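Listed below, chain by chain, are the residues.
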Amino acid sequence: MRSLNLLHYPSQARQQKVFHRWWSSLAGLLLGGALAWGWLQWQDLQTTGLQQEQKRLQANLAARTQQAKEAAHRQTQSRMHAQQLAHLKLVGQQQQAWLSLHDSLQTEARLSGLRLERLQVESEKIELHGSGMPVDRVNQAQRRLSDQLEFPLTLTSITATGHEGVSFVLQAMWPFGRAV
């Protein structure tokens, strides 16, 4: 029997080698497949984690963008309110100046007998047209008004109208800029 074993040994060795190769290949294939499946699972977990992180970061970005828009809107509103407040303050100052001017003109007209005909503001200049009796009353009225007001009135024109009456124009720079 020994001789039979010797005769069959090379073919048996070959069979064992083929079986070993087949078994090793199958084991390598299974092990490689298991490793690839594990690596894919790990990659899937990493991808899922990264996607969640991306969603969180995008939500943070959207929230911060919205906050920045709201802050810019509030800042714009605040600037607009400050401008409106400054404008209203200027209007109040001008209104107060007009009231003071009106009261002074009405008082002076009653005291001196001058007749006021027109009051206008153009290009930051105030102009008062009127008429009265003697020239000295016009000069006195001009001095008194200049003393009462925050700005001096200058007699720029005086014209005789007959019967010792005169027509006059008083001018001054309006201290509050253009009329609002």
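Placed above this text is the structure.
Definitions and limits used
Residues numbered from 1 in each chain as written. Predicted model: local features only at pLDDT ≥ 70, side-chain atom pairs only at ≥ 80, totals over all residues. Heavy atoms only, no water. Helix = DSSP H or I, 4+ residues; strand = E, 2+ residues; numbered from the N terminus. Rg over C-alpha atoms; globule rule 2.2 N^0.38 Å. Buried < 20%, exposed > 50% of the residue type's maximum accessible area, 1.4 Å probe, protein only. Contact = heavy atoms within 4.5 Å. Lys, Arg positive; Asp, Glu negative; His and termini not counted. Charge placed at Lys NZ, Arg CZ, Asp CG, Glu CD. Pairing = 2+ DSSP bridges. Salt bridge = Lys/Arg side-chain N within 4 Å of Asp/Glu carboxyl O. Core = buried A, V, L, I, M, F, W, Y, C linked by side-chain atoms within 4.5 Å. Axes fitted to C-alpha atoms, helices over the stretch in contact; angles between N-to-C directions.

Novice: Which residues make up the overall build of the protein, and what values go with them?
Specialist: The secondary structure content of the protein amounts to 2 helices and 4 strands. When the helices and strands of the protein are placed in sequence order, the string is α-β-β-α-β-β. What you see for the protein is a C-alpha radius of gyration of 52 Å, clearly larger than the 16 Å of a compact globule of 180 residues, by over 25%. Dimensions of the protein, computed from C-alpha atoms along their principal axes, come out at roughly 170 × 20 × 20 Å. A total of 180 residues make up the protein; the buried ones form 18% of that total. Long-range pairs, those at least 24 residues apart, make up 56% of the contacts in the protein with a sequence separation of at least 6. Charged side chains in the protein number 19 positive and 13 negative. The centres of these two groups are separated by 31 Å.

Novice: Tell me about the pairing of strand S1 (residues 115-122), and please be specific about residues and values.
Specialist: The pairing of S1 with strand S2 (residues 125-132) spans 7 bridges and is classified as antiparallel. Residue Arg-118 lies in a different strand from S2, and its bridge partner there is His-129. Connecting the antiparallel pair S1 and S2 is a turn made up of 2 residues, with Ser-123 showing a positive phi of about 45°.

Novice: Run through the side chain of Ser-104, naming residues and quoting values.
Specialist: As for its placement among the helices and strands, Ser-104 is situated in helix H1 (residues 2-112). What makes Ser-104 buried here is its relative accessible area of 9%. Aside from chain neighbours lying at most four places away, what touches Ser-104 is Leu-145, Gln-148 and Leu-149.

Novice: Please provide a residue-by-residue account of the pattern of salt bridges, values included.
Specialist: According to the stated counting rule, one finds 3 salt bridges in the structure shown. For Glu-53, the salt bridge is made with Arg-56, and the minimal N-O distance between the two is 2.4 Å. Taken together, the residues span about one helical turn, with Glu-53 and Arg-56 both in helix H1 at a distance of 3 residues. Judged by relative accessible area, Glu-53 falls into the partly exposed class, the value being 33%. The class of Arg-56 is partly exposed, set by a relative accessible area of 43%. Between Glu-117 and Arg-115 there is a salt bridge, with the nearest N and O atoms lying 3.1 Å from each other. By relative accessible area, which is 45% here, Glu-117 ends up partly exposed.

Novice: Help me get a handle on the nonpolar core, residues and values and all.
Specialist: Judged by nonpolar contacts, the single largest core of 17 residues is most densely connected at Leu-101, Ile-126, Phe-151, Leu-153, Leu-170 and Trp-174. Take this core: its biggest share by element is 4 residues, from strand S4 (residues 165-173). Here Leu-153 is in contact with Gln-142, Leu-145, Ser-146, Leu-170, Gln-171 and Ala-172, once residues within four sequence places are set aside.

Novice: Provide a residue-level description of the sheet that holds strand S3 (residues 154-162), including the pertinent values.
Specialist: In space, the 4 strands of this open sheet follow the order S1-S2-S4-S3, with antiparallel pairing throughout. Unpaired on one side and paired on the other, S1 and S3 mark the two borders of the sheet. Between one strand axis and the next, the sheet turns through 15° on average, direction left out of account. As judged from the 7 bridges shared by S3 and S4, these two strands associate in the antiparallel manner. Across the sheet, Thr-159 pairs through a bridge with Ser-167, a residue of S4. Across the sheet, helix H2 (residues 135-148) touches S3 and S4, and the angle it forms with S3 is around 155°.

Take it as geometry only, folks, not as evidence of what the structure does.
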